[in-house]
Amino acid sequence: MTYKLFVNGEFTESSTRETYDVRNPANGTKVDSVSKGSVEDTRAAIDYAYEALNREKKSPSNIPRILQVTSELVRQSETELATIMTLEQGKTLLESRGEIKFFAHTLEYYAGMKVRGSQVRISDSSKIAMVEKDPVGVVAGIVPWNNPILLMGAKVSASLAAGNSIVVKPASTTPLSTLKVAELFSKAGLPKGLLNYVTGPGETVGEELVTNPKTRKVSFTGETATGKRIMELASRQLKRVTLELGGSNPIIVSDDADLDAAIGAALNGRFRNCGQGCMCVKRAYVFEQIASKFVEKLKEKAQAIVVGDGMKPETTMGPLHSKNQLQKVSSQVSETLERGGELITGGHRPDDPDLSNGFFYLPTLVTNVDENSRLVSEECFGPALPIITVASMDEAIEQANDSIYGLGASVWTKDLGRAKKAAQELEAGTVLINSLYGAGGWEIEVPMGGFKQSGIGREYGIEGLESYTETKTVIMG
Ligand code: NDP
């Protein structure tokens, strides 16, 4: 079958009739084919979204109820959606199931949330002042391939709950699970045009979404360089942007930490989704007193990870998503070793011939790392962890903050004073203290986003909902 675009409530072929194949990163086989949307298709979707929004303003539908019903349908379809996601993305089936559950929870959360307006007492008591939160308008959602459903889910749920319509562009390599979800929204009764999915290249479909005058806001998740390009394009119309970009998230493990738990956090934080998460742990700063023990124990656990096809139940880490990813991670590791880094484990593809057609890479640990090496200075979107030894919390925080990124950070200590200092001084949108997530997890109820070049704005929580609104002051009298 060929998956089609979802525009104005219907699955439609692209105007050019072009299609392309989506391939399984674990073995290179074709998963399915999908219509390749064009600029013309994108314009049509935006026009439909615009009309749907105007209809909605005149006669609003029960969006909370529709989100709630969609959530139930998503839960019922967990196995099917998770299977498609594992085949197109590569992550383990267990990880895909977790992502689908999170999406269902996101829908439920925003189904129960109302945009808050307020009345304000002003000095002139003859007047009544109100602060309204209007829908921003047609939203453009641009989504990457690492968490295709979870990231799409936050953008769609919050923008619909705030009263908008939305056109989403999934990543070119992971459109299938997203298009499957479209069926569920339709089944739940979402009016046509409020949600549209246009697959196709970032340079055409993506840039049309950003520059079309009818889209009022762009919500983007992906690489920092792409985020900069989007912000530049959006600035020409002063379009609202939320940018959730890269991170090089540190984990700090102090000498008084619960070592086994901290190692569990580093392991989960670095190797989940084969290291391909904006919130993954990307650098470890370990107090010198415990460094050798930390490395020894983490090595043992990293070597016990079962690398393989995400569809196999025994697999605990799938492949990297693409050849590009594999080349990028390999070159980041090689460069770090050339600068004097010591390879503790991994550093290459697995020897197993059954894995030779996939983009597999072994869990990798490097010590004696030069602070200017690429594993430290860049975002490493793969299963490789540089481990750096530090003498104090001050030194750890200083090095952790020495980055263009500021998305997540994690601290392991039993000392309340140290924890407080780290929470106050770390430059990151999320700071975790003694948390098994690693460097950041997703809790839909609290805002998530980055300091510095990790982004602008916040998703999730009430802040995420309000980011899809415009504030309007009304004064009567
Ligand atoms: P991109 O930022 O290029 O892709 C993310 C999304 O943006 C995709 O839907 C992509 O479309 C789209 N896009 C690409 N170019 C444009 C554009 N000019 N205008 C509008 N939309 C555009 O990330 P990549 O997939 O190329 O990954 C590269 C690196 O980015 C990774 O190695 C990783 O380091 C980082 N990354 C970080 C993520 C994070 O959450 N922090 C998520 C994903 C990647 P298309 O798929 O068609 O190219």
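What counts and how
Residues numbered from 1 in each chain as written. Predicted model: local features only at pLDDT ≥ 70, side-chain atom pairs only at ≥ 80, totals over all residues. Heavy atoms only, no water. Helix = DSSP H or I, 4+ residues; strand = E, 2+ residues; numbered from the N terminus. Rg over C-alpha atoms; globule rule 2.2 N^0.38 Å. Buried < 20%, exposed > 50% of the residue type's maximum accessible area, 1.4 Å probe, protein only. Contact = heavy atoms within 4.5 Å. Pairing = 2+ DSSP bridges. Axes fitted to C-alpha atoms, helices over the stretch in contact; angles between N-to-C directions. Near = heavy atom within 4 Å. Polar contact = N/O pair within 3.5 Å; in protein donor to acceptor, adjacent residues only side chain to side chain. Areas by Shrake-Rupley, 256 points an atom, 1.4 Å probe, with all protein chains shown as cover. Nonpolar A, V, L, I, M, F, W, Y, C, P; charged D, E, K, R; others polar. Domains from an automatic or database assignment. Patch = residues over 30% accessible without salt bridge, like charges linked within 9 Å, V, L, I, M, F, W, Y side chains within 5 Å. Salt bridge = Lys/Arg side-chain N within 4 Å of Asp/Glu carboxyl O. Phe/Tyr/Trp six-rings, centres within 6.5 Å; stacked < 30°, edge-to-face > 60°. Lys NZ or Arg CZ within 6 Å of the ring centre and 35° of its normal. Buried area = accessible area lost by both parts, 1.4 Å probe.

Can you help me understand the overall build of the protein chain in this one?
The secondary structure content of the protein chain amounts to 15 helices and 23 strands. Against the compact-globule benchmark of 23 Å for 477 residues, the protein chain has a radius of gyration of 23 Å, which places it among compact chains. Overall, the C-alpha framework of the protein chain stretches about 65 × 65 × 40 Å when taken along its three principal axes. Every one of the 477 residues in the protein chain was classed for burial, and the buried ones make up 57%. Taking contacts inside the protein chain between residues at least 6 apart in sequence as the whole, the part at least 24 apart equals 74%.

Please explain the sheet that holds strand E7 (residues 128-135) as it appears in this structure.
Strands in a sheet are paired, the pairing made by backbone hydrogen bonds, and the direction either parallel or antiparallel. As summarised here, the arrangement of the three strands in space is E6-E7-E23, forming an open sheet in which the pairing is antiparallel. Of all strands in the sheet, those bounded by a partner on one side alone are strand E6 (118-120) and strand E23 (469-476). Shown here is a sheet whose adjacent strand axes are inclined to one another by a mean of 25°, direction ignored. Bridge count for E7 against E23 is eight bridges, and the pairing is antiparallel. By the bridge assignment, glutamate 132 is partnered in E23 with lysine 472.

Explain the site of the ligand to me, please; I cannot follow it from the model alone.
Not every one of the 28 residues close to the ligand is listed here, only the nearest: Val143, Trp145, Ser172, Glu207 and Gln325. Within the contact set of the ligand, an oxygen atom lies 3.1 Å away from a side-chain nitrogen or oxygen of glutamate 379. Within the complex, 87% of the 870 Å² of free accessible area of the ligand lies under protein. Of all the elements in the fold, those that place two or more residues in the shell around the ligand are helix H7 (202-211), strand E11 (215-221), helix H8 (224-235) and helix H11 (323-338). Class assignment for the residues of the shell around the ligand results in twelve nonpolar, ten polar and six charged. Built from parts of two domains, the shell around the ligand gets at least three residues from each of domain 1 (2-245 + 455-476) and domain 2 (249-443).

It is not clear to me how the side chain of serine 157 should be interpreted in this structure. Could you clarify?
Looking at the element boundaries, serine 157 is found in helix H5 (residues 148-161). Take serine 157: its relative accessible area is 0%, and that puts it in the buried class. Here glycine 153 takes part through its backbone oxygen, which lies 2.6 Å from a polar atom of the side chain of serine 157.

Help me out: how do you make sense of the pairing of strand E4 (residues 19-23) in this one?
Along a regular strand, successive side chains alternate from one face of the sheet to the other. Note: E4 against strand E5 (residues 30-35), five bridges, orientation antiparallel. Across the sheet, residue arginine 23 finds its bridge partner in E5, namely lysine 30. Where E4 folds back on E5, the antiparallel hairpin that results is connected by six residues, among which glycine 28 adopts a positive phi of roughly 80°.

Whenever I open this one, a nonpolar patch on the surface confuses me. Can you help?
A surface patch of nonpolar side chains, amounting to about 230 Å² of accessible area, comprises Val120, Ile122 and Ile475. Note on placement: valine 120 falls in strand E6.

So what exactly am I meant to see when it comes to the packing of aromatic side chains here?
Aromatic ring pairs are defined here through the distance separating the ring centres and the angle between the ring planes. Using the criterion set out here, one finds five aromatic pairs in the structure. Between tyrosine 109 and tyrosine 110, the aromatic rings sit 4.9 Å apart at their centres with planes inclined by 70°, giving edge-to-face as the arrangement. Since its relative accessible area comes to 1%, tyrosine 110 is described here as buried. Within the aromatic cluster, the residues linked to one another by ring pairs are Phe6, Phe11 and Tyr197. A cation over an aromatic ring shows up here: lysine 214 above the ring of tyrosine 50, its NZ or CZ 5.0 Å from the ring centre.

Which parts of the structure should I look at to understand the sheet that holds strand E1 (residues 2-3)?
As summarised here, the arrangement of the three strands in space is E1-E5-E4, forming an open sheet in which the pairing is mixed. In this open sheet, the two edge strands, each paired with only one partner strand, are E1 and E4. Packing of helix H3 (residues 78-89) onto the sheet brings it into contact with E1, E4 and E5, and relative to E4 it is tilted by some 95°. Across the sheet, helix H6 (residues 176-187) is in contact with E1, E4 and E5; its angle to E5 comes to roughly 60°.

Quick question: what am I supposed to make of the pattern of salt bridges here?
All chains considered together, the criterion is met by 30 salt bridges. One salt bridge connects lysine 36 with glutamate 18, and the closest N-O pair in it is separated by 3.7 Å. Linking lysine 36 in the loop between E5 and helix H1 (39-58) with glutamate 18 in the loop between strand E3 (10-12) and E4, this pair joins segments that are 18 residues apart in sequence. Assessed through its relative accessible area of 40%, glutamate 18 is described here as partly exposed. One salt bridge in this structure joins aspartate 124 and lysine 127, with 2.6 Å as the shortest N-O distance. Judged by relative accessible area, aspartate 124 falls into the partly exposed class, the value being 32%. One network of salt bridges, with partners in common, ties together Asp21, Arg23 and Lys30.

Explanation requested: the domain arrangement of the protein chain in the structure shown.
Many descriptions give the size of an interface as the accessible area lost when the pieces come together. By the assigned domains, the protein chain splits into domain 1 (2-245 + 455-476) and domain 2 (249-443). Taken over C-alpha atoms, the centre of domain 1 sits 31 Å from the centre of domain 2. Opposite the 27 residues of domain 1 that make contact, domain 2 presents 27 residues. By the criterion of area lost to domain 2, the three top residues of domain 1 are Pro25, Ala26 and Trp145, representing 25% of everything that side buries. Taken together, domain 1 and domain 2 are joined by one salt bridge. Between lysine 328 and glutamate 223 there is a salt bridge; the shortest N-O distance is 3.7 Å. Scanning the region where domain 1 abuts domain 2 turns up seven residue pairs in polar contact (both at pLDDT 80 or more). Breaking the side of domain 1 that touches domain 2 down by element, the ones donating at least two residues are H3 and helix H4 (93-111).

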